Amino acid sequence: MCGIVGYIGEKNGIPIVIEGLKRLEYRGYDSSGICYHKSGTLRIKKKKGKVSDLEALISKNSFGNIVMGHTRWATHGKPSDKNAHPHISMNKKISIVHNGIIENYDSIKEGLIQRGYKFKSETDTEVLVNLIEYVQIDLKVSLIEAVQQALTQVIGAYSIAVMSSNDSSNLVLAKKGSPLVIGVGQEEHYIASDPSPFLKYTKKAIYLDDDEVAEISKNKLSILTFDKKIKSPTINKLTMELEEIEKGGFETFMLKEIYEQPKSIVDTLRGRIIKKSQIIKLRGFNESVDTFKRAKRIVIVACGTSWIAGLVAEYIIEGLAKLPVEVEYASEFRYRNPIIYKNDIVIAFSQSGETADTISALKLAKENGALLYGICNVVGSSISRLVNVGTFTHAGPEIGVASTKAFTAQVSVSILIALAIAKLRKQISKNDFKEITDALLSIHEKMQYTLSNCNNKIKQIARKYKNSRNALYLGRGLSFPVALEGALKLKEISYIHAEGYPAAEMKHGPIALIDENMPTIIIATNKRNYEKIFSNAQEIKARNGKLIAIVSQGDNQISKIADHVIEVPKTNYYLSPLINTIPLQLFSYYIASFRGCNVDQPRNLAKSVTVE
Ligand code: F6R
C-alpha cells in the first residue's frame, strides 16, 4: 500500500516526483502529496483524490531539487487532505512520507501528547514524524540518528523518507517490511517503492534491506544497519524497459496485460524446457532437489489471485507428481499455529513479492525449518530475497490492480514444477511428459487464438449482463479454481457480487439463487468430467437460469442448452487454466468498462498489500 517517490539532484524534482507518483498510483490512489524545500522551509502540497488532482494544485513555476512524494491507500484515517502524506512535525522541522503501519502508534501518541505535542490528522504517520522531531530535539542528534533512535520505539512495518527544514541537501530513508529502492543517477539520486518512477533516468538500483537506514544527497549515499554498521551497497542493473510500464496503445493497463499473456507465457517458459533430454531446467528446483526428494508434502501460502494460482498448482502437482499439497491463505496460516515439518517445502506465490501476510507466513515457516520457495514476478522484491530458492515468473510489470498475466504465468511455473517433481519421483511416463511439454511450448498460440476469436463475442455478452447484481461461476477439477478466479475478477473490478463454486456443490446451496435473472458461467472444457458438468448445466436451465458456457471447439451438448457459448481451443487438461481464464478476464473487463468503473484502479483496492 502506498507509493513513495523522491528526487535529490540538480533538476527540478517536482515534475519528476509527480510523474513517478502516477506510475505508483497502482499502489494506492486515494490521496497524494509532495514536500520540497523553499527558502529554508518545508513546503507541502497534498490533496485527496488522484495524483492529477494534486498536480492541478502545483504551480508550473514551483521548483525543488530535493523533493519527496506519496500516493496513499488509507489504513489509519479516511482519505482526506489532512490525512494525506507528507506529514509535517508540530514545529514544522521535519516531514515524512511513509508506507506501512505503525502498530503501537497509540501509545507513542499518548506519550507525545503528554509532552505537549498536538496532532492534526488521524494517521500513525504523523505520530512517527513527531516522534522523530522530539527525539532530535531531546537528544540533539543528527536527522539520521534521530530516525534511528525513534525507530527503536516503533513496532510495525515501514519504509520512510524524511526531510528536515535545517538540511536542504539530504534525505533520510529507513526500511522494515515495506519496499524502498534507490536509483543511482549522475549527480542525483531517486527513491521509490519500486523502480518504475526512475526507470526513465537510471537503471542502477540499490534495494534497501530491512532494518537499514540511509542518508542520500545528490552525490553521496551511506547505508547503515540499525545497529550502526556501515553497509557497502550492492548496485543492481535493472533489466525492465520503459515500454513495459506504458499502456502501448491499449485503453487500460488491464486490457494490455490480458493481451500480453501469450508473450508472458513464452517469456516465463523460455529456456526452462529442454525437449530433447526431457529436462525441466529451474535453478531454484535444482538447487533444492535433495529437499524435494525428501519432502513428504508441499505447503503453498499466498493471498488473493496468487492463492488461486496455488490451488491450481495443488491440482497439477498432486495430479502429475503424486506429492501431497496443501494450499493456505497466508493470513490464516500465520495465526493458527500450523504444523510445519522440517522437510516441508513452503512455496509462496506472489506477483509483487511484497504481500505482508505472505511474507509473515514465510518467516514463520523459516523459523520452523522448512525450505522456502518463492514464485514471484518482481525481481528484487522482499519475498524473492527472503526465500531460499525460487523461480521468477517473467510476466513483466503488472500495473492494473487486478492480476491477470501474473496469474497465468504462475500457473505455467506450477506446471514446470509439477513436471520436475513428477520426473524426480518417477511418476510420469516419457509420453505424458512429451505430450504436456509439447502442448506447453505451443500454448501461447492457443492463448492468442482465444484472445483474437473470443473478444467480440464476450464483449456482446458482457453488454447484456452489465447490470446483473450477482453471478455464479462453476467448474470442476482444474476448472474450479478458474471459476474462483473468474468470480474474483468480476467482483473486484465491476463491484458485482460473484461466487465461484465447484459445480457439484451447487446443489448443496447456491442452486437456491438461480432464477431467470441470475447468470451462471460454467467452465466445461474438460473431457474428464464433462458428463457431470453437463448435468449441472441442465439443473441450471431447468430453473430458468441464464447460462454462459465456456466449452471446447466442436462441443455439441452443453452448447445446445446454453444461452451463450464461448468456444476455446482444446488443450491438455493440465494446461486448461491457461486458456479458460482468458474469456473470464475479458468478461469481467468488459462488464466493468460498460459500468463505467475504473478498471485499472478499482475502489478500495491496491496492487501491493504491504499491511496485514
Ligand atoms: C486480485 C489481486 C489480488 C492479489 C493479492 C496478492 O486480482 O490482484 O488478490 O493477487 O493481493 O498479491 P501478490 O500476488 O502481489 O502477493
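Here we summarise the structure given alongside this text.

Calculation criteria
- Residues numbered from 1 in each chain as written.
- Predicted model: local features only at pLDDT ≥ 70, side-chain atom pairs only at ≥ 80, totals over all residues.
- Heavy atoms only, no water.
- Helix = DSSP H or I, 4+ residues; strand = E, 2+ residues; numbered from the N terminus.
- Rg over C-alpha atoms; globule rule 2.2 N^0.38 Å.
- Buried < 20%, exposed > 50% of the residue type's maximum accessible area, 1.4 Å probe, protein only.
- Areas by Shrake-Rupley, 256 points an atom, 1.4 Å probe, with all protein chains shown as cover.
- Axes fitted to C-alpha atoms, helices over the stretch in contact; angles between N-to-C directions.
- Left-handed = near helix turned anticlockwise from the far one by under 90°.
- Contact = heavy atoms within 4.5 Å.
- Nonpolar A, V, L, I, M, F, W, Y, C, P; charged D, E, K, R; others polar.
- Phe/Tyr/Trp six-rings, centres within 6.5 Å; stacked < 30°, edge-to-face > 60°.
- Lys NZ or Arg CZ within 6 Å of the ring centre and 35° of its normal.
- Pairing = 2+ DSSP bridges.
- Disulfide = S-S within 2.5 Å.
- Salt bridge = Lys/Arg side-chain N within 4 Å of Asp/Glu carboxyl O.
- Lys, Arg positive; Asp, Glu negative; His and termini not counted.
- Near = heavy atom within 4 Å.
- Polar contact = N/O pair within 3.5 Å; in protein donor to acceptor, adjacent residues only side chain to side chain.

What follows covers the overall build of the protein chain. When you go through the protein chain residue by residue, the secondary structure sums to 20 helices and 27 strands. By the compact-globule yardstick of 25 Å for 612 residues, the protein chain fits well, its C-alpha radius of gyration being 25 Å. Dimensions along the principal axes, computed over C-alpha positions, put the protein chain at roughly 80 × 55 × 45 Å. By residue count, 61% of the 612 residues in the protein chain fall in the buried class. When the accessible surface of the protein chain is split by element, carbon and sulfur atoms take 49% of a total near 24200 Å².

Let's shift gears to the packing of helix H4 (residues 124-139) against helix H5 (residues 143-151). One can describe the packing of H4 onto H5 by two numbers: an axis separation of 8 Å at closest approach and a directional angle of 120°. Considering the relative orientation of H4 and H5, their crossing is right-handed. When H4 is examined against H5, the residues Leu-128, Leu-131, Ile-132, Val-135, Gln-136 and Leu-139 are found in contact with a partner set consisting of Leu-143, Ala-146, Val-147, Gln-149, Ala-150 and Leu-151. Residue composition of the contact of H4 with H5, grouped by class: 10 nonpolar, two polar and no charged.

Now for the packing of aromatic side chains. Enumeration according to the criterion identifies 11 aromatic pairs in this entry. Pairing Tyr-117 with Tyr-134 gives two aromatic rings, centres 6.4 Å apart and planes at 85°, and the pair type is edge-to-face. With Tyr-117 in the loop between helix H3 (105-114) and H4 and Tyr-134 in helix H4, this residue pair connects regions lying 17 residues apart in the sequence. Look at Tyr-117 and you get buried, because its relative accessible area is 7%. Joined through ring pairs, the aromatic side chains of Tyr-7, Tyr-190, Phe-198 and Tyr-201 make up one cluster. Taking NZ or CZ as reference, Arg-603 lies 3.8 Å from the ring centre of Tyr-495, over its face.

Moving on to the sheet that holds strand S20 (residues 345-350). Strand order in the open sheet formed by five strands is S19-S18-S20-S21-S22, with parallel pairing between adjacent strands. Looking along the sheet, the strands with just one partner apiece sit at the ends: strand S19 (325-329) and strand S22 (389-392). Strand after strand, the sheet turns through a mean of 20° between neighbouring axes, direction not considered.

Strand order in the open sheet formed by seven strands is S5-S6-S7-S8-S12-S13-S14, and the pairing between neighbours is antiparallel. Of all the strands in the sheet, just strand S5 (87-88) and strand S14 (230-231) have a single pairing partner and so form its edges. For strand S7 (residues 156-164) and strand S8 (residues 167-176), the ladder comprises five bridges, and the chain directions are antiparallel. Across the sheet, the residue bridging to Ser-159 is Lys-175, located in S8. Its contacts with the sheet put H4 on S5, strand S6 (94-102) and S7, and the angle it makes with S6 is roughly 130°.

This brings us to the state of the cysteines. With the rule as written, the count across this model stands at zero disulfides. Here Cys-35 is not cross-linked by a disulfide; its sulfur's nearest cysteine counterpart is in Cys-2, at 17 Å. Not part of a disulfide, Cys-376 finds its nearest cysteine sulfur in Cys-303, a span of 12 Å. Note on Cys-376: relative accessible area 1%, which makes it buried.

Enumeration over the complete set of coordinates arrives at 29 salt bridges. Close ionic contact of Glu-10 with Lys-218 constitutes a salt bridge, the shortest N to O distance being 2.3 Å. Of this pair, Glu-10 sits in the loop between strand S1 (3-8) and helix H1 (13-23) while Lys-218 sits in the loop between strand S12 (212-216) and strand S13 (221-225), placing them 208 residues apart in sequence. Across the pair Asp-438 and Lys-275 runs a salt bridge, and its minimum N-O distance is 3.2 Å.

Right, let's get into the side chain of Lys-109. Relative to the helices and strands, Lys-109 resides in helix H3. One buried charged residue, Lys-109, forms no salt bridge at all, with the nearest opposite charge on Asp-106 at 6.0 Å. Not counting the four nearest positions on each side in its chain, Lys-109 is found in contact with Phe-119, Ser-121 and Val-127.

We now examine unusual backbone geometry. His-85 connects to Pro-86 through a cis peptide bond whose omega is 0°. As for its placement among the helices and strands, Pro-86 is situated in the loop between strand S4 (66-72) and S5. Phi at Lys-140 is positive, roughly 50°, even though this residue is not glycine. By secondary structure assignment, the location of Lys-140 is in the loop between H4 and H5. Exposure remark for Lys-140: the relative accessible area of 71% places this residue in the exposed category. For Lys-426, which is not a glycine, the phi torsion comes out positive at approximately 55°. Relative to the helices and strands, Lys-426 resides in the loop between helix H14 (405-424) and helix H15 (430-441). For Lys-426, a relative accessible area of 74% translates into the label exposed.

With that settled, the discussion passes to the site of the ligand. Around the ligand there are 13 residues in total, and Ser-306, Ser-350, Ser-352, Thr-355 and Glu-492 lie nearest to it. With respect to the ligand, the side chain of Ser-306 contributes an N or O atom lying 2.5 Å from an oxygen atom. Take Val-401: an N or O atom from its main chain is 3.3 Å from an oxygen atom of the ligand. When the ligand sits alone it has 410 Å² of accessible area, and the protein chains cover 90% of it. If you list the elements that add at least two residues to the shell around the ligand, you get helix H10 (304-321) and helix H17 (479-494). Sorting elements by how many residues they give to the shell around the ligand places H10 first, with three residues.

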